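# Analysis of the macromolecular model
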There are 2 protein chains.
Amino acid sequence: MSADKEISSKSTRNRILDAALDVFSNNGYHTSRMDDIVDEASVSKGSIYFHFPNKERLFLALVDQFSDLIDRSVTEAIAEEEGIQKVSVAVETVLSTFAKYRRPTKILLVQAVGLGSVFEKKRQEVHDRFANMIEDFLNEAIAAGDIQAVNSKITAHAWMGAIYTLVMQWVMTAEPSKEEIQTHLLPLLLRSVGYEPNNEVKG
Amino acid sequence: MSADKEISSKSTRNRILDAALDVFSNNGYHTSRMDDIVDEASVSKGSIYFHFPNKERLFLALVDQFSDLIDRSVTEAIAEEEGIQKVSVAVETVLSTFAKYRRPTKILLVQAVGLGSVFEKKRQEVHDRFANMIEDFLNEAIAAGDIQAVNSKITAHAWMGAIYTLVMQWVMTAEPSKEEIQTHLLPLLLRSVGYEPNNEVKG
């Protein structure tokens, strides 16, 4: 593929993803048809099926796109951080990214439930991806002597479960509010590894 | 209904539930048919449909039965406890009940995923039931001065998320082991509310 063609193909793919998010958001995943997305994206029918063989794959690609966005945001945010601050800034960034993108969060987490085991596999994959990231950060913070020598694998899964559950709760019921979650969840997680957040609050 | 008839009807219902657990466990939820459960339970076809209009309802009744079992186990275990010990013993009991009943746990949590939004509603209901229970215990422990004045609603949902995620992880992959979870998860949760479990470990 020539560079030009690759760029154009990439942007077609992104245009389809953007359109799919709009269509799923307005009509719900189950009643949306590939044709609606074709119309919304102003692409040819051939082009949508070239990138995504079916609606399910398109949905899963949206999940990956959002996971990549969180991953990138975290990586940028922690670039200058070390030890426990890396852990802390990473969790803050995850929470603020969800809070900023309530619409995709709602579509990807809530509508996904109806997809059953296919989505469950993807959910597990994303969960493991971020649990592994947290585990690495925790191990660094333990090595730096910032926190207790906790079991970092169990801690990472427990944290992911806590974050996922509260974010789901928030997108479904708006209760607790994102401000409450952002205020209370991080200190709770940090205390769970023996770190008192009051000591070194970052402005 | 006479008392005799009620007892007999109750035991028929339980026999059907036991049989359903066996059949789902051996064949998987999706390939199991109501007829298989009729055979396994040695009840009449009329009798199974009298109690459960369809397979989905039967499955949801199993979830309720297991939730009731956990609820009863917790209520019994905490009868003599107060303050933070109530919180601690409740979480221990939940974890040991899951560990003791790996087969129903696996069927009810893992196979349930394929049920989509119907199960999601039930899962949310069960989640809220136990989150409310934990919230009450946390409020008591705060009132007793055993733990910090944390946001008990957010803490309760975070704990439920952590417990659910680790139990799911365990039934699906046997990793981390139930011993590891039992050893590390409770101290993690207790530390998250500012309680150092080493102070008052119960034999």
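Position numbers for residues count from 1 along each chain, tracking the sequence in the order it is written. The lettering of chains begins at A and the numbering of ligands begins at 1, in the order of writing. Given that this is a predicted model, residues contribute local features only at a pLDDT of at least 70 and side-chain atom pairs are listed and counted only at 80 or more, while totals for whole chains, interfaces and linings are drawn from all residues.

Further remarks concern the relation of the copies chain B and chain A. Superposing copies: least-squares fit, C-alpha atoms only, residues required to have pLDDT of at least 70 in both. When chain B is fitted to chain A, the residual RMSD is 0.0 Å, and the transformation amounts to a turn of 180° plus an axial shift of 0.0 Å. Here the transformation between the copies is reduced to the relation of a two-fold axis. Of the C-alpha atoms belonging to chain B, the one lying closest to the rotation axis is found on Ser192 of chain B, 1.9 Å away. Contact between two residues is assigned whenever their backbone-derived C-beta positions fall within 7 Å. In this assembly, 100% of the residues forming the interface of chain B have copies in chain A that are likewise at the interface, indicating an isologous arrangement.

What follows is about the nonpolar core. In this description, a nonpolar core means buried residues of the types Ala, Val, Leu, Ile, Met, Phe, Trp, Tyr and Cys, linked to one another by C-beta atoms lying within 7 Å. Here the C-beta atoms are placed from the backbone, and a residue counts as buried if at least 20 other C-beta atoms lie within 10 Å of its own, exposed if 12 or fewer do, and partly exposed otherwise. Grouped together as the largest cluster of nonpolar side chains are 118 residues, with contacts concentrated most on Ala20 of chain A together with Ala20 of chain B. Residue contacts for Ala20 of chain B: discarding those within four places in its chain leaves Ile37, Leu58 and Leu62 of chain B.

Another aspect to go through is helix α9 (residues 178-192) of chain A. For α9 of chain A, with 15 residues, the first-to-last C-alpha span of 21 Å sits near the 21 Å given by 1.5 Å per residue. Only DSSP runs of H or I with at least four residues qualify as helices, and only runs of E with at least two residues qualify as strands; both kinds are numbered from the N terminus onward. Where α9 of chain A is concerned, the buried positions are Ile181, Leu185, Pro187, Leu188, Leu189, Leu190, Arg191 and Ser192 of chain A. Among the structural elements, α5 (83-100) and α8 (152-173) of chain A together with α8 (152-173) and α9 (178-192) of chain B are those in contact with the buried residues of α9 of chain A. At the C-terminal side of α9 of chain A, Gly194 of chain A shows a positive phi close to 80°. For a helix, the expected span equals 1.5 Å multiplied by the residue count minus one.

This paragraph deals with the environment of Ala90 of chain A. Residue and element names in this part refer to chain A. Mapping Ala90 onto the fold places it in helix α5. Judged by C-beta crowding, with 22 C-beta atoms within 10 Å, Ala90 ranks as buried. Spatially, the C-alpha atoms of Ala90 and Glu180 are 18 Å apart, while their sequence positions differ by 90 residues. Leave out the neighbours within four places in its chain, and Ala90 touches Val74, Ile78 and Phe137.

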